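Examination of the molecular architecture
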Amino acid sequence: MSHIIQQKIELPNNKDKWIVDLATVVTDINVLYSYLGLNADTISSPMLQARKQFPLRVPMAFIRRMKKGDKNDPLLLQVLCHENEMLNVDGYSHDPLQEQDNAIPGLLHKYCNRALLITKTGCAINCRYCFRRHFPYHDNQGSKQNLAVALEYIANHPELNEIILSGGDPLMAKDHEMAFLISELEKIPHVKRLRIHTRLAVVIPSRITPELCQLFAKSRLQCVVITHINHPNEIDNDVAQAVSLLKQQSVTVLNQSVLLKNVNDNADVLAMLSDRLFDVGILPYYIHLLDKVQGAAHFWVDDKSAKVIMKQLAEKVSGYLVPKLAREIGGEKSKQVLTFWN
């Protein structure tokens, strides 16, 4: 069985190139190591066990940005199975944000004025620190029946003026699916904003097409796209072009990151990230402390270290390029923003 998932697709035009990019992903550590010129003899049994627990999945479009021969490449570390994922660490759980007891499949109403729709259950990439790596997606499928119930809930809660599309990755939805969802939300008068959280726009930037941007531009809803970029090396010319398409249609583009040990727990790296984000038209928004999900403890950066890093970052860049340092606590009505000057 091949571990580069690839299928030939006949495309009517270039607008569906992203589907071809999505159809080519690496799912085997040996294949990934071979491409990057790394020694496969260093692949341990616990790493392979971790892959069985949470599959390896990374698109070639993202792999090409990794530095060959570097086992500590910050992009590689975000997706590579780690032997410590198999440890059962105290204080970590399968549901760190208390999301899995949601009463309505596919809908999370954690905060007063906004609700989250699990638009798609799949991702283009499996990030090893994902706080939903144990989420019961099989119980939260985006079926028409589940969507109808969720839309009814939204319509019956006038305090909801913003709907967040998440997943999985909401941009795994094809244009006609996204158009249908937007049109249904537009029918609810009190919904004003649509927020789309996506990693796909970064790892497969070809997903941001003129046609998709037109969907956002034509909507009466204010559209906000939240990219998820952790390291400046993730931003290449293709990502810049994708963001430009969004900005041309007056879509607000913000970024959130996760503070990850050995990936971006360094003020110089974060300064480069903020500069690069702003260069391409993205405003830094949040940098999150790691959600304590089982399997991701090796990425943990403690509060004290995080505050030191953020203070150093604030000394290196303009104030509008300093994201808010935040943590999310299951059951709380808002994120907790941490100050770092005292």
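The following refers to the structure shown.

1. Considering the environment of M60
With respect to the helices and strands, M60 occurs in helix α4 (residues 60-63). Owing to a relative accessible area of 13%, M60 belongs among the buried residues under this scheme. The sequence separation of M60 and I204 amounts to 144 residues, and the corresponding C-alpha distance is 8.8 Å. Setting aside anything within four residues of it in sequence, one finds M60 in contact with T24, V26 and Y35.

2. As for the layout of surface pockets
By volume, the largest pocket is sized at about 1,100 Å³. F131, R132, S166, G167 and Q256 are the residues nearest the centre of the largest pocket, which is lined by 45 residues in total. Listing elements by their share of the lining of the largest pocket, those giving two or more residues are β4 (107-111), β5 (114-120), β6 (162-167), β7 (193-198), β8 (222-228), β9 (252-258) and β10 (283-288). Of the residues belonging to the lining of the largest pocket, the class tally is 19 nonpolar, 14 polar and twelve charged.

3. With respect to the packing of aromatic side chains
Overall, the coordinates contain three aromatic pairs when judged by the stated rule. An angle of 85° between the planes, with centres 5.8 Å apart, marks the rings of Y129 and F299 as edge-to-face. With a gap of 170 residues between them, Y129 in the loop between β5 and α6 (144-155) and F299 in the loop between β10 and α12 (303-314) connect regions that are remote in the sequence. Judged on exposure class, the residue Y129 and its partner F299 are both buried. With a centroid separation of 5.3 Å and an interplanar angle of 50°, the aromatic rings of F278 and Y320 are classed as tilted.

4. Describing the sheet that holds β6
Spatial ordering of the open sheet is given by β4-β5-β6-β7-β8-β9-β10-β11-β12, a layout of nine strands whose pairing is mixed. What marks the edges here is a single partner per strand, and that holds for β4 and β12 (336-337). Strand direction decides the pairing type here: strand β11 (residues 324-327) and β12, joined by two bridges, are antiparallel. Bridge assignment links R327 to a residue of β12, and that residue is Q336. Helix α11 (residues 267-279) rests against β9 and β10 of the sheet, and its axis sits at about 145° to β10.

5. Focus: the nonpolar core
The biggest cluster of nonpolar side chains holds 98 residues, and the ones touching the most others in it are L32, V58, M66, I154, L200 and F216. What L200 contacts, discounting residues up to four positions off in sequence, is W18, L22, A124, D169, L171, M172, P205 and R207. Of all hydrophobic cores here, the second largest spans five residues; its members include L108, I118, F135 and I164.

6. What to know about the pattern of salt bridges
Side chains that differ in sign of charge can pair as their charged atoms come close. Taken as a whole and judged by the stated rule, the model has 13 salt bridges. One salt bridge in this structure joins D236 and R65, with 3.2 Å as the shortest N-O distance. With a gap of 171 residues between them, D236 in the loop between β8 and α10 (237-248) and R65 in the loop between α4 and α5 (74-79) connect regions that are remote in the sequence. Take R65: its relative accessible area is 12%, and that puts it in the buried class. The salt bridge involving R193 is made with E162; its shortest N-O contact spans 2.8 Å. Here R193, found in strand β7, pairs with E162, found in strand β6; they are 31 residues apart in sequence, far enough to count as distant. R193 sits in the partly exposed class, given a relative accessible area of 22%. Given a relative accessible area of 10%, E162 falls into the buried group.

Basis of the calculations
Residues numbered from 1 in each chain as written. Predicted model: local features only at pLDDT ≥ 70, side-chain atom pairs only at ≥ 80, totals over all residues. Heavy atoms only, no water. Helix = DSSP H or I, 4+ residues; strand = E, 2+ residues; numbered from the N terminus. Buried < 20%, exposed > 50% of the residue type's maximum accessible area, 1.4 Å probe, protein only. Contact = heavy atoms within 4.5 Å. 1 Å grid on protein atoms, 1.4 Å probe; cavity = no way out; pocket = protein on both sides within 12 Å on 5 of 7 lines; lining within 4 Å. Points joined across faces, edges and corners; volume = space filled by probe spheres on them. Nonpolar A, V, L, I, M, F, W, Y, C, P; charged D, E, K, R; others polar. Phe/Tyr/Trp six-rings, centres within 6.5 Å; stacked < 30°, edge-to-face > 60°. Pairing = 2+ DSSP bridges. Axes fitted to C-alpha atoms, helices over the stretch in contact; angles between N-to-C directions. Core = buried A, V, L, I, M, F, W, Y, C linked by side-chain atoms within 4.5 Å. Salt bridge = Lys/Arg side-chain N within 4 Å of Asp/Glu carboxyl O.

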